[in-house]
Every structure is written in structure tokens, then in C-alpha cells.
Amino acid sequence: MHDNELTELAVRRALENVEDGGKPFACLIVRDGEVVVEAVNHVAQTGDPTAHAEIRAIRQAAGQGITDLTGYEVVVTAYPCPMCLGALYYAQPDRVVFAATREQESEHYEDGNRLMTLDTFYDEYAKPAEERALRAEQGDAADPTAPFRAWSARHAG
């Protein structure tokens, strides 16, 4: 399949998800023009706020033994939110193709909460931690780096 066919397929899958009571997002993982994984957003169906299409697709790929998306492309309904974008950076596809820009999406859809909106979510990450809407502070632990040192020791050499 070509990019336009794949993008149209992602849009169709998102529309089907809306018809089934879900949110308007779908994700395809593609290798050499062939769809390897299809996933839709299941936040509404499950109540899991991480059940975005991209996250679900990456998890399905991992279930098939695909743990690195080098050599794959990802096709999505809209430019990924920061959570999904971060997951895609970890998954390392060769590229991401999106149907709608965030601006096009926001003309018809808002997916924010008390801490962010589509318009402010990306900006939250650029702020210093103490200025973000989500409060974060370091807790007390006798040896907070112990797990990291143990991992490094176990995987040294």
C-alpha cells in the first residue's frame, strides 16, 4: 500500500472506532507497505488513559516480538500527543505519517483534562518542572540510585 492508502485506512479505522463508541484515533505499523499491526484508541472502552492507539499498537508489536520499529513506519489519524510521541521515540520507527495536524484536530475535538488541553500539552514539557501544571517533587529515599547502579552492574561489559 502507498502512503495515501495507508492514511485513508487509518482514518477509516478511527471512524469505525467512533461508531463503536471509542475516540477518533487509529494507528498502523507498516513494513514495506504492508500493515503489520492495527490498533485504535481504547480509552473510552477501558477507562485506561494510556490506551491510545499508538501505545496499543506498540504493545501489540512487542507481543509479536517486534521490540524495535527500525525498518517500520507508523501511520496515525492525528499528529501524536506528547505521551504517544515519547513512546514512538522509544520505539524508533523510521517515520510517522499523520492524517490531521493538531490544529486540524483541535477544530473539532478536545481531549484535555484539568492539567492540560491540546493547545497547552506540548508546552508543559518545555517548562521547568516547578512551573508545570502537574506537581512533582523528589521524595526521600536512603539510596535513590540503587536500582540504577544494580542495573548497570548487571549489564556491564
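K.L.:
Requested: an account of the sheet that holds strand β2 (residues 34-40), with residues and values cited.
P.N.:
Reading across from one edge, β2-β1-β3-β4 is the order of the four strands in this open sheet, with mixed pairing throughout. Edge strands, defined here as strands with exactly one partner in the open sheet, are β2 and β4 (95-100). The mean angle between the axes of side-by-side strands here comes to 20°, regardless of whether they run parallel or antiparallel. Here five bridges tie strand β3 (residues 73-78) to β4, and the two strands are oriented parallel to one another. Considered in β4, the bridge of valine 75 is made with valine 97. The sheet strands contacting helix α3 (residues 53-63) are β1 (26-31), β2 and β3, and the helix crosses β2 at an angle near 130°.

K.L.:
Before we move on, could you go through the packing of aromatic side chains and cite the residues and values that matter?
P.N.:
The tally for this structure, following the rule as stated, stands at four aromatic pairs. Judged by centre distance (5.4 Å) and plane angle (75°), the rings of phenylalanine 25 and tyrosine 109 are edge-to-face. Remark: tyrosine 109 occurs in the loop between α5 (102-106) and α6 (118-126) and phenylalanine 25 occurs in the loop between α1 (3-19) and β1; sequence separation between them is 84 residues. On the accessibility criterion, tyrosine 109 (19% relative accessible area) is buried. Among the aromatic residues, those joined into a cluster by ring pairs are Tyr79, Phe98 and Tyr122. The aromatic ring of tyrosine 72 is capped on one face by arginine 31, whose charged end is 4.7 Å from the ring centroid.

Here is what the cut-offs are and how they apply
- All residue numbers refer to positions counted from 1 along the written sequence of the respective chain.
- Given that the model is predicted, a residue must reach a pLDDT of at least 70 before its local features are reported, and side-chain atom pairs must reach 80 or more before they are shown or counted; all residues, however, enter totals for whole chains, interfaces and linings.
- Note: side-chain values were computed over all heavy atoms of the structure, leaving out hydrogens and water.
- Pairing between strands is defined by DSSP: at least two bridges between the two strands are required.
- Helix and strand assignments come from DSSP, with helices taken as H or I runs of at least 4 residues and strands as E runs of at least 2, each series counted from the N terminus.
- Here an axis means a line fitted to C-alpha atoms, over the contact stretch when the element is a helix, while the angle between two N-to-C directions is reported on a 0 to 180 degree scale.
- The contact definition used throughout considers only heavy atoms, calling two residues in contact when any of these lie within 4.5 Å.
- Centres within 6.5 Å make a pair out of two Phe, Tyr or Trp rings, where for Trp the six-membered ring is used; the pair is then stacked when the planes are under 30 degrees apart, edge-to-face when over 60, and tilted otherwise.
- Burial classes follow relative accessibility: with a 1.4 Å probe on protein chains only, a residue under 20% of its type's maximum area counts as buried, one over 50% as exposed, and anything between as partly exposed.
- Think of it as a cone above the ring: NZ of Lys or CZ of Arg counts as a charge over the ring if it is within 6 Å of the ring centre and within 35 degrees of the ring normal.

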